[in-house]
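# Reading the structure
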Amino acid sequence: MKQDIIDLKRRNILKKSLFGLTAVAAVSIVAPNVYAADELPELTEDDPMAMGLGYKKDTATVDAAKQPKHAADQSCANCALYTSTSDTAGTCTIFAGKQVSATGWCTAYAKKA
Ligand code: SF4
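Residues numbered from 1 in each chain as written. Predicted model: local features only at pLDDT ≥ 70, side-chain atom pairs only at ≥ 80, totals over all residues.

### Details of the overall build of the protein chain
For the protein chain, the count of helices and strands is 2 helices and 3 strands. Its helices and strands in sequence order give the protein chain the pattern α-α-β-β-β, from N to C terminus. Across the 113 residues in the protein chain, those meeting the buried criterion constitute 21%. Within the protein chain, counting contacts between residues at least 6 apart in sequence, those at least 24 apart form 61% of the total. (Helix = DSSP H or I, 4+ residues; strand = E, 2+ residues; numbered from the N terminus. Buried ≥ 20, exposed ≤ 12 C-beta atoms within 10 Å, placed from the backbone. Contact = placed C-beta atoms within 7 Å.)

Structural data, given as structure tokens:
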């Protein structure tokens, strides 16, 4: 009888340990790179998605001939999709997992209301 109780306790400890290990493994698979917003890597102009949307780190360098909708006063800092994380950068709902430059611009620009 006493041996049965010890076996049950041991089994419960093992179950809980396995559950804990499984939970840790699952979290690391689902969220392998969890960064604070201001620690996200910078979006580069040669990123395939950035290239597709004509992203430029500096709105002043946008080629007006290629981007006729661009205006000099448009930048990420005054775009509705931008959330500032510092004076110079922030996150953009289009480019999840990256930081864009506050002075940047892309064709998805939408004036902040
Ligand atoms: S959608 Fe707006 S915030 Fe995002 S990169 Fe383009 S201009 Fe910048």
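There's plenty left to go through after this.
### Here we look at the environment of C92
Here C92 lies in strand β2 (residues 89–92). A sequence separation of 12 residues divides C92 from A80, and the C-alpha atoms of the two residues are 8.9 Å apart. Sequence-distant contacts of C92, defined by excluding residues within four places in its chain, comprise C76, L81, Y82 and V100.

### Focus: the site of the ligand
The environment of the ligand is formed by 13 residues, the closest being C76, C79, Y82, C92 and C106. The residue makeup of the shell around the ligand, split by class, is 12 nonpolar, 1 polar and no charged. (Near = placed C-beta within 6 Å. Nonpolar A, V, L, I, M, F, W, Y, C, P; charged D, E, K, R; others polar.)

### What to know about the confidence of the model for the protein chain
Do not read the predicted coordinates in detail wherever pLDDT is low. The share of residues in the protein chain with pLDDT of 70 or more is 71%, and the mean pLDDT across the chain is 84. Taken as a whole, residues 20–28 scores under 50 in pLDDT and shows 0 contacts with residues more than four places along the chain or in a different chain. (pLDDT = per-residue confidence, 0-100.)

### A few points about the pairing of β2
Note on strand geometry: in a regular strand, side chains alternate between the two faces of the sheet. Here strand β1 (residues 82–84) runs beside β2; their pairing, made up of 3 bridges, is antiparallel. Bridging across to β2, T83 finds its partner in T91. Between β1 and β2, which follow one another and run antiparallel, lie 4 residues. With 3 bridges connecting them, β2 and strand β3 (residues 99–101) associate as antiparallel partners. Paired with G90 across the strands is V100, a residue of β3. (Pairing = 2+ DSSP bridges.)

### What to know about the sheet that holds β2
In a beta sheet, neighbouring strands are held together by backbone hydrogen bonds and run either parallel or antiparallel to one another. Taken together, 3 strands build an open sheet; the order of strands is β1-β2-β3 and the sheet is antiparallel. Each edge of the open sheet carries a strand with a single partner, namely β1 and β3. Strand after strand, the sheet turns through a mean of 45 degrees between neighbouring axes, direction not considered. (Axes fitted to C-alpha atoms, helices over the stretch in contact; angles between N-to-C directions.)

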